[in-house]
Structures are given as structure tokens and as C-alpha cells.
Amino acid sequence: SGSHSIRSGSLVENGFSNVTFTTSPDFVGGTMFLSILASVELPVDDVFYLVDGVFMGPIPPSNDWVSMDIPLLPGEHSVDFAYLYNPFQLDQFPPDTPGHIKAVFIDDVFILPDGDIGTMPPSPGTSPPTMEGTSMPTSASTTSVSSVPNMQPSSTMPTTLPVPTTSRLPTPVSGSTLPTPSSTNITSIAPTPSAPTGSGSIPPTFLFPPDAIYINSFEQATFPDDEEWSTEGDAVWSLTNEKANTGVYSIRSGILRDSGIDPKNSNVTFTTTPDFIGGIINLSILADTQMPIDDCLYFIDGIFGGIVPSSSEWEFVSVPLAAGEHTVMVSYKYNPLSQDDLPPPSGNTTGAVYIDDVFILSLGTPPGGSPLPTLRPTVAGIGTTVPTSVSDSMTPTSVSGSMMPSTGSGSLVPTADSGSMVPTVALNSTTAPTPGSSVTPPSSTNQFDGFESGDLTGLDWVVTGVPGWVVDQTNPFEGSYSVHVRTEDIPISGNYSQLDLITNLDQATFVQFYFNAPISMPFESLDLWVDGNFLTPLTTPDGNWTQAGAIVAPGEHTVSWRYSKNPGGAPDDVLETLPQPPFRNGEAWLDNVELIPSTSSFTEGFEFGNFDSQPWILSGNGSWEITDAVRNEGTYSATAKTADIEPNTGTADLSIDIITESGGMLYFAILSSVSGPHDIVNILIDDTVVGTYADVQEDWFPGELAVQPGKRQITWQLVKNPGGLPDDIISTIPKPEGSLGQVWLDEIDFRSN
């Protein structure tokens, strides 16, 4: 509220910025309330807080103000807020996301003495009550705190999803046989394990998917001699029978907690062979860690992939990989934040990471198996999905007559994946049209159901489990109808209602859909499955419709949307006492399901004098046109001019969606006559800038893009005034000789793998 707040310092390299609030020795005790906005995102930056030097935990990232309350005993106390930049000291970051400010803000701080907390504190943005008789001098001592501080999101804040207490592991295909463990032909894909079962002294057996082309439950006791596994660091990983997801054995990280205060690592790496055809490797991981003492991270080809949350339960981690040789490294890190002093560990953490039940399913078509949809890395049970949309960098880059590839090589590869991961299940938030608006017509060749018939007859639909899915008019994405399910319509905890789409596909197909699911674990979940294989959780804490989809191989398949009530099996009396996030409605909707065939190899020279030969998408503030004035070969090319972009700043975009099961290469010829900061040309894949032209080229330049499996959108974008400079300033900046503010594109050649 008001005009001012305080913010963390600006950091551009490894470091931290702290602010401390201190009570006086005669403090009578009470609860400290404040509003905080933490615009942070791991692994780039993070923020946590301490009370009397005791680490209390991280503050959830958000671009909205969040209310926070911290109970304090009488006496002298210190409350520290620490903003850290590059806390894991990485050499390279993934692309930034929209709205990431890289700063923390604090406002509206007040204290209510003990006994005066019957009235809830004001919401962020409103004035706090005035306080009298509370003095705050400057010193600190180390004392214990009686209770754990609480964080309460404001009513308008899209909160992060709660972490369930157990992993939601998919149900295996019934009747599947256990393949013989093998370490050859390493490949990969998505989950289908079963949760451990069994009793007595007989250890449970992990039921691997029948189509797994690599499995390892470590029961052969050959680690670390398996050629696909290696270990290094300050302490190596070893075979152990201390903990196992199933069976007797797993592998565990080296012992580092008793090794002093210096930061240390214990790493284990899985490496695929050069003939690996692409897919997802799946691991069961137990990270028995405690920040800030230790943590567990994983890396794909040396690039940060994610954090495995601390848990006393086994978590299910899926890591997609493109074809070829790759490494997946799980790193146990001791003192990851390089603290000078560490709190004593709690008695229930061992300071170790365990891995068990590793398996791989191919993205190709192995004998007797079906390729599954592709995903970004996920940790089952976290309840979050990584969006494919990443903010693009609009900083002009001078390239001296050639495009600057983001990888430093001749081929352009999306910076979000650095050529190593298989990006996918595109989860992109979108604004729903006004209910009753017309439904966007799909291509005449695509199967489509917007449920405008008022029933489930548009495609081959079947509802299994509890009959909870119904077509109604409560919340359509477009038109008047969508299909809808509610938690209250599933009477028994642990049951589910599943909407199945039965398909028989002639070619690989992208199953695209829109969903809206303001739900929350552990109360309920909505998950996407294909042929009984779990793919990803679906949720929309912001309440917006989100587009999603997955590639499905040719043949007969069942695509399922499974809505489960209390999937973790928490006791009903416990569930009733749990706080609910403000966004939770306990219902979900699905709309505009479309089956889009994969893209065949094609060549586009614009020789028909229009954009009709391929499904081109023209968007932005300006337009692309066909011209015969300048071309690389043939008669025509496509062009865009800065002069046709009417605002002071804007874009002219030419895009095409390419859908592939195995990826491919896209070649093109481009000629730019631009000059930053007046105008630049960006090449984007899924809204990620992978190359930039910012100068006048004397001749056509050959470009190429590696197109990864899934649904990818390729965009050639002319940007006017990318820095948004005022007219009176940009008009004083001279342009180089020959700069026309124009770009030409020709000879586009896509070759599917």
C-alpha cells in the first residue's frame, strides 16, 4: 500500500542481499505480519528467511503480494530475509520466464502482541493497523522459536501448488511380464510403475512396463560396474540395502554431512549410447535432505534440469531426452548455499539421496510397444507443469551479416533445451472467449470436438470409473458447452472418473485440448494418461484456460483424462481439517479436443504467390507479404517491413506449427536489412528466441533449425524498436547505410526424421 516499499539489492553475479528486522529485549512477544513479493525463480535466484539465525524455509515465488505472519516469543529476536542470486553457482541458466523481476519487495510490516491476533491482518495492498508501545532496537541473540511461521496468499494470488505427502505413481498395465534387466541399447520415456506392495519379509517387486527397453532395480548388485552408470565427486555413490523403493537394493549418495563446512558434491550419472533414439528416463528418488544443510538437483547434459524435493517418501522423476548420447546427473549437494554456519540437522533426515527402479521406454516404436507422448522433466507429486512458453529476449545483437546461433554452432537449437531435452506437453495459459462465442473451426482434415452437440457423440468417448464427466454449459472455453467433472460427484475417496478418447490413427497425431482445473492435491487431481501410462498432472491455479497436448503414435490408443478424489488416500477426517488454497473449486472442464496429424516433409518457395500452400499463421502489429522484387530462387519470396508496423514498437510475425513424432530439420534462406535499436529479426521456437539478426546483410544467409519432437511453433519475427525507445530519442540514432527496415524469407525446407 502507499507509495514506497523496500526491495533487495540488484545482483548480476553470485551473491546475496539481506535485510534484518530486530526486536528489543523488552519485546512482549507477538506475531509479525508483512506483505512480501518474491519475484524469483530457481535456479536463477531464490529467497528464504531465518528467525534468530535459524533457517525457516524458502518464500514461494510469486508476482503478487503475499501475506506472511511470523510468531515470536518475548525478548530480543532477529528476522532475516536473504535474497540469493545463482544460489547453486551454475555456469548457465535456462531461459528466463515472463515477469521474472529478480528481486524481492517487502511492505506493510506490523506486529500484533500476543492475545491480539483474533482479527485477521489486512490483505496485501491495504493499510495495517497502527501500533503503540512496540520498540525495535538493533541487536540479536540466538533463541528458539515456538512455532513455524505461516504464509497466506492473498485472495487474488495464483498460488503455487502444495506438495503432496506421497507420490502418485501410475498403475501398471495388468498382466505385464517383467523384462530381463539389461544395460544395452539405452533409450527412454514415461512412467508406468506400481507403488510398492507386499508384506512380511518378502520385499515388494517393482512392476516395470512391458515395453521398457532398459530396466534396473539394482537387484543384480552390479553397481557401480554397469557401463551406463558412473559416479564422482567428493564422495561416490554406492550400492546399499538401507532403503529401497522395492526389492532389497538401491544406490545412495556419498556421506558428506560430517565433512566440515565446505560445499561438496556427490554425483551419479546415467549416460545413453550414441544410437539412443530418444525418449524419457524414469527414476524413483528419495531425497532425504534438509535445506540449507543439503539438497538434491539433477542436470541434463550439464544443464540444470530441476530440484528433487526433500521427502521421506519416494518421488517419481521423469527426464525427457532427444536422440543421441546424453547424460542425466543426479547431484547430492552439501551446504549448497555456501553458508558459513549450518543449523543442526533434524533427527529424521539422513543426509542422503537414494535412487531405485530406473526404466526407459522408447519414443520410437520398439517391438511390441507403442511410443508415448513426450514431456518436459517432471517430478511426480509436485503438482506443477513446466510451461513451454519462455519470455523472449528483445536485446538487439549485432551479428555482422549472419545469424547468431544460440549454441555457437551452425544450427539453431532452442535455448530452453540446448538440444538435449525433448520439450513437449505444451501447457500454455490462454484467455477464454466470451461464453456463447463461436467455436474456432479446426482444419477440415482434423477430428474435433467442442462438445457443441451437448453430449459425448462428437468423437469416440467413453466414461469409465465413476460416471462423473458430463457435458454442460457451466464454463465453456468457446461456444456454449464443455465437458465437466466435480469432486463432489465422486462419493468415495480414492475413486476416480475417467474420460477416455478411443483413437485409431493412421499417422502420428498431436492430441490438443484446452482445460481449466482449479483443483489442489491432496483433495483431488486431474491427470493425463495414454494407454494406461501416466503422463502429467493438469491444474490451473490461476483459473485460466490452458492449452495442452501430446504426440500419440499411429495405431489404436486410448487418451484419458482421469479425475481422482483424494488420490493419495488421506483419511477423510484429516482431509477435512486441511487448509484449502483460495483458487480451489474442486472441479475441472475440458473443451476443444482436436486431433492434429503430424507434419510431413515439405518445401515452401511461395511460388503460388500466397501463403495458402502451408498452414501459415500471420500475426502481430504488421503483416508479411509475397513479393517478386527480391528472392533467393524462383519468382517469389515473403517479406515484412518495419514501416508497416504502425505503433512506435511492435512485431510482424510469420509462424508455422510443425508436429512430429521424431523431430526434424528446418532449412531456410533469409536476407535482413535491419539495424538495432531501430529493428531486428528474431527466430523463435515456441516463443523462445533462438537466433537474432540485427544488421544489413549483403547476401542471402542459409539458416537451419533443429525441430524437436512434439508440437513446435516456428516464428520469423520482424521487431520494430525492440527497446521501446521514445520517438524523440530513437529518431536521433543514425541508421547504417543501406538499412531498409525489411526482411525477406525464401526456400523453406522441412525434413522430418
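Rules used throughout
Residues numbered from 1 in each chain as written. Predicted model: local features only at pLDDT ≥ 70, side-chain atom pairs only at ≥ 80, totals over all residues. Heavy atoms only, no water. Helix = DSSP H or I, 4+ residues; strand = E, 2+ residues; numbered from the N terminus. Buried < 20%, exposed > 50% of the residue type's maximum accessible area, 1.4 Å probe, protein only. Contact = heavy atoms within 4.5 Å. Pairing = 2+ DSSP bridges. Axes fitted to C-alpha atoms, helices over the stretch in contact; angles between N-to-C directions. Polar contact = N/O pair within 3.5 Å; in protein donor to acceptor, adjacent residues only side chain to side chain. Salt bridge = Lys/Arg side-chain N within 4 Å of Asp/Glu carboxyl O.

**A few points about the overall build of the chain**
Within the chain, the secondary structure is distributed over two helices and 45 strands. In the chain, which comprises 753 residues, the share counted as buried stands at 52%. Considering only contacts in the chain between residues 6 or more positions apart, those separated by 24 or more positions represent 82%.

**Focus: the pairing of strand β7 (residues 78–85)**
Burial analysis of β7 places eight of its eight residues in the buried class, which makes it a mostly covered element. A two-sided burial pattern is seen for β7, the buried positions comprising Ser 78, Asp 80, Ala 82 and Leu 84 on one face and Val 79, Phe 81, Tyr 83 and Tyr 85 on the other. Here strand β2 (residues 15–22) runs beside β7; their pairing, made up of eight bridges, is antiparallel. Across the sheet, the residue bridging to Val 19 is Phe 81, located in β7. Where strand β4 (residues 45–51) and β7 come together, seven bridges link them in antiparallel fashion. Note that in β7 the partner of Leu 50 across the bridge is Asp 80.

**Considering the sheet that holds strand β30 (residues 524–530)**
Across the sheet, five strands lie side by side as β25-β28-β33-β30-β31; this open sheet has antiparallel pairing. The open sheet has two edge strands, β25 (461–465) and β31 (533–537), and neither has a second partner. Geometrically, the sheet is characterised by an average inter-axis angle of 25° between neighbouring strands, direction not taken into account. Bridge analysis of β30 against strand β33 (residues 555–565) gives seven bridges, and the strand direction is antiparallel. When the bridges of β33 are listed, Asp 527 appears paired with Arg 562.

**Quick notes on the environment of Ile 277**
If you trace the backbone, Ile 277 turns up in the loop between β14 (264–271) and β15 (279–288). Residue classification places Ile 277 among the partly exposed positions, given a relative accessible area of 48%. The spacing of Ile 277 and Ala 322 is 45 residues in sequence and 7.2 Å in space, taken between C-alpha atoms.

**Looking at the environment of Ser 238**
Note that Ser 238 resides in strand β12 (residues 238–240). Measuring from C-alpha to C-alpha, the distance between Ser 238 and Arg 252 comes to 5.6 Å, with 14 residues separating the pair along the chain. Leaving out residues up to four positions away in the same chain, Ser 238 has contacts with Phe 223, Ser 250, Ile 251 and Arg 252.

**Examining the pairing of strand β45 (residues 742–752)**
Most of β45 is tucked away: eight of the eleven residues are buried. Pairing between strand β35 (residues 602–604) and β45: three bridges, direction antiparallel. By the bridge assignment for β45, Phe 602 is matched with Phe 750. Alignment of strand β38 (residues 637–641) against β45, held across four bridges, turns out to be antiparallel. Within β45, the position partnered with Ala 640 by the bridge is Val 743. Relative to β45, strand β40 (residues 664–673) is paired through nine bridges, and the arrangement is antiparallel. In the strand pairing of β45, Tyr 667 is matched with Asp 749.

**Remarks on the side chain of Asn 245**
Along the chain, Asn 245 falls in the loop between β12 and β13 (250–252). For Asn 245, a relative accessible area of 5% puts it in the buried group. Within polar-contact distance, the side chain of Asn 245 engages the side chain of Asp 357 at 2.9 Å.

**A short note on the sheet that holds β14**
Pairing is antiparallel across the open sheet formed by five strands, whose spatial order is β11-β14-β19-β16-β17. Edge positions in the sheet fall to β11 (229–233) and β17 (303–307), since each of these pairs with one other strand and no more. Direction aside, neighbouring strands of the sheet carry axes that sit 25° apart on average. Across seven bridges, the pairing between strand β16 (residues 294–300) and strand β19 (residues 327–334) is antiparallel. Looking at the pairing, Asp 294 lines up with Tyr 334 of β19.

**Focus: the pattern of salt bridges**
Enumeration over the complete set of coordinates arrives at seven salt bridges. A salt bridge links Asp 489 to Arg 486; its shortest N-O distance comes to 3.0 Å. Taking the relative accessible area as the measure of exposure, Arg 486 reaches 30% and is therefore partly exposed. Here the salt bridges share partners, and the residues they tie into one network are Arg 486, Glu 488 and Asp 489.

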